[in-house]
Amino acid sequence: MSAENPKIVFIGGAGNMAGAVIGGLVASGYPADKIVATGRDEAKLNAFAESHGVATSNDNLAAIADADVIVLSVKPQVMRELLEGLRPHLVGRQPLVITFAAGIPLDAYHRWMGEQLPIVRAMPNTPALVQTGVTGLYADSKVSEEQRATAERIVGAVGISLWVDEERGIDQVIAVAGSAPAYFFQFMESMINAASDRGLARADAERLVLQTALGAAKLAVASDVDVAQLKRNVMSPGGTTERAVQRFEQGGLAQLVADAMRDCEERAAEMAKELDR
Ligand SMILES: NC(=O)C1=CN([C@@H]2O[C@H](COP(=O)(O)OP(=O)(O)OC[C@H]3O[C@@H](n4cnc5c(N)ncnc54)[C@H](OP(=O)(O)O)[C@@H]3O)[C@@H](O)[C@H]2O)C=CC1
Ligand SMILES: O=C(O)[C@@H]1CCC=N1
């Protein structure tokens, strides 16, 4: 493996998640000529090559032939068929494999792909595209320290990362980070719709809501105090914010969020069970 910049082949590379990571990697200065994105849809691949400056291919086998790192980023439901096709071409080889898929345990990859392979489960999120991603990482003892460092370096180029000690930790990362951009988008969407229903021009509502979300997140990251205190700092006694926050509390927002996160985590475990049916 080229220690400096390993050749990374993203299978499913023009999809949402891998596309975001590739976009963030290239923007971080990772050489585009060390990245290949594969897929099946030629038009989509051509558009991706054009916009990201990386090589693309509809031939997974040719693409992985000299790969140092293979990133798996297809939907979980098509993973098994994909990997059983790759397996004969990986005999005697040990590229580092990194998988983004939710709900597929490491032992399934070893069964489908080859027991010898070093495999890292990574759970990124789409803000990787703007290098503000979060990635949970899990590996077993087949993965060397050097390979762990390589995985960490790749995802580290698109945001922060966190190793979890147990595989179940990846499902917790899904609930709190992998799926979570969608929670915030949903909240923003609801605010934009409500403001627009109340007569604010939609474009203005969008601008104000997005900037407020960005400002709140930046402030929380930069601040020494916790988010509960930052919330209180906005709430004047008897004022407007207090009234809005009371409405959230009466509506059970905290419990609703906790239930949604539990559902998310449980779905990951359920997906793992579905593999064996
Ligand atoms: N989206 C997200 O926010 C996150 C997703 N993930 C995980 O990432 C993985 C990908 O999800 P996501 O990006 O959303 O899905 P997408 O459907 O956007 O991307 C999957 C890509 O896989 C390609 N593909 C399908 N079959 C093959 C094949 N046989 N060979 C090569 N490419 C193939 C598709 O390309 P084509 O159309 O050309 O077939 C498609 O572009 C999933 O396993 C998901 O669990 C993890 C964290 C967050
Ligand atoms: O919804 C999903 O299953 C994937 C995994 C995390 C985000 N998207």
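Fair warning: this is a prediction, and the values are worked out from it, not measured in the lab.

Caption draft 1: Examining the overall build of the chain more closely. When helices and strands are tallied, the chain shows 12 helices and eight strands. Along the longest, intermediate and shortest principal axes, the C-alpha atoms of the chain span 70 × 40 × 35 Å. In the chain, once contacts between residues fewer than 6 apart in sequence are set aside, the share between residues at least 24 apart is 67%.

Caption draft 2: A look at the site of ligand 1. Neighbouring ligand 1 are 27 residues, the closest being Gly12, Gly15, Gly39, Asp41 and Ala101. Among the elements of the structure, α1 (16–27) and α4 (76–86) are those that each provide at least two residues to the shell around ligand 1. Each residue belonging to the shell around ligand 1 can be placed in one class, and the counts come to 13 nonpolar, 10 polar and four charged.

Caption draft 3: Spotlight on the sheet that holds strand β5 (residues 96–99). Read across the sheet, eight strands follow the order β3-β2-β1-β4-β5-β6-β7-β8 without closing on themselves; strand pairing throughout is mixed. Two strands in the sheet have a free side with no partner beyond their single neighbour: β3 (55–57) and β8 (159–163). Neighbouring strand axes in the sheet, compared pairwise and without regard to direction, differ in orientation by 25° on average. Pairing between strand β1 (residues 8–11) and strand β4 (residues 69–72): four bridges, direction parallel. Along β4, the bridge assignment pairs Ile11 with Leu72.

Caption draft 4: Expanded view of the nonpolar core. Formed by 58 residues in total, the largest nonpolar core has its most connected members in Val9, Ala37, Ile70, Val71, Leu72 and Val120. Aside from chain neighbours lying at most four places away, what touches Ala37 is Phe10, Gly13, Ala14, Ala18, Ile22, Leu45, Phe48, Val54 and Thr56.

Caption draft 5: Structural view of the UniProt feature "binding site: NADP(+)" (unreviewed entry) in the chain. The UniProt record marks Ile11, Gly12, Gly13, Ala14, Gly15, Asn16 and Met17 with the feature "binding site: NADP(+)" (unreviewed entry), using the residue numbering of this structure. Position of Gly15 among the secondary structure elements: in the loop between β1 and α1. Among the residues examined, Gly15 registers 19 C-beta atoms within 10 Å and is labelled partly exposed. With respect to the secondary-structure elements, Met17 resides in helix α1. The class of Met17 is buried, set by 25 C-beta atoms lying within 10 Å. Ignoring sequence-local partners within four residues, the contact set of Met17 consists of Ser73, Phe100, Pro124 and Thr126.

Caption draft 6: Local environment of the pairing of strand β2 (residues 35–38). Of the two faces of β2, both are covered, the one formed by Ile35 and Ala37 as well as the one formed by Val36 and Thr38. Pairing of β1 with β2 involves four bridges; the strand directions are parallel. By the bridge assignment, Phe10 is partnered in β2 with Ala37. Each parallel crossover has a hand, and the one from β1 via α1 to β2 is right-handed. For β2 and β3, the ladder comprises three bridges, and the chain directions are parallel.

Caption draft 7: Up close: the UniProt feature "binding site: NADPH" (unreviewed entry) in the chain. The positions that UniProt labels "binding site: NADPH" (unreviewed entry) are, in the present scheme, Asn60. Residue Asn60 is classed as buried on the basis of its 21 C-beta neighbours within 10 Å. Filtering out sequence-adjacent residues up to four positions away, Asn60 remains in contact with Ile11, Thr38 and Leu86.

Caption draft 8: Region of interest: the packing of helix α8 (residues 180–197) against helix α9 (residues 202–222). Packing of α8 against α9 brings their axes to within 9 Å, and their N-to-C directions diverge by 140°. Considering how the two elements wind past one another, α8 and α9 form a crossing that is right-handed. Of α9, the residues touching α8 (which contributes Phe184, Met188, Met191, Ile192, Ala195 and Ser196) are Arg202, Ala205, Glu206, Val209, Leu210 and Ala213. For the contact of α8 with α9, the residue count by class is nine nonpolar, one polar and two charged.

Caption draft 9: Geometry of the confidence of the model for the chain. On average, the chain scores 96 in pLDDT, and the residues at 70 or more come to 99%. Scoring of the predicted complex yields 0.96 for pTM and 0.99 for ipTM.

Caption draft 10: The arrangement of unusual backbone geometry in detail. You will see that Gln131, though not glycine, has its phi angle at about 55°, which is positive. Topologically, Gln131 is positioned in the loop between β6 (119–123) and β7 (133–139). For Gln131, a count of 14 C-beta atoms within 10 Å translates into the label partly exposed.

Caption draft 11: The environment of Asn58, seen in detail. Here Asn58 is to be found in the loop between β3 and α3 (60–64). On the basis of neighbour counts, which here come to 13 C-beta atoms within 10 Å, the residue Asn58 falls in the partly exposed class. Sequence spacing of Asn58 and Ile11 is 47 residues, and the spatial spacing of their C-alpha atoms is 9.4 Å. Excluding its chain neighbours within four sequence positions, the residues that come into contact with Asn58 are Thr38, Gly39, Arg40, Glu42 and Leu45.

Cut-offs and rules
- Residues numbered from 1 in each chain as written.
- Chains lettered and ligands numbered in written order.
- Predicted model: local features only at pLDDT ≥ 70, side-chain atom pairs only at ≥ 80, totals over all residues.
- Helix = DSSP H or I, 4+ residues; strand = E, 2+ residues; numbered from the N terminus.
- Contact = placed C-beta atoms within 7 Å.
- Near = placed C-beta within 6 Å.
- Nonpolar A, V, L, I, M, F, W, Y, C, P; charged D, E, K, R; others polar.
- Pairing = 2+ DSSP bridges.
- Axes fitted to C-alpha atoms, helices over the stretch in contact; angles between N-to-C directions.
- Core = buried A, V, L, I, M, F, W, Y, C linked by C-beta atoms within 7 Å.
- Buried ≥ 20, exposed ≤ 12 C-beta atoms within 10 Å, placed from the backbone.
- UniProt positions renumbered as here; feature names shortened; annotations may be inferred.
- Right-handed = clockwise from strand over helix to strand, strands pointing away.
- Left-handed = near helix turned anticlockwise from the far one by under 90°.
- pLDDT = per-residue confidence, 0-100.

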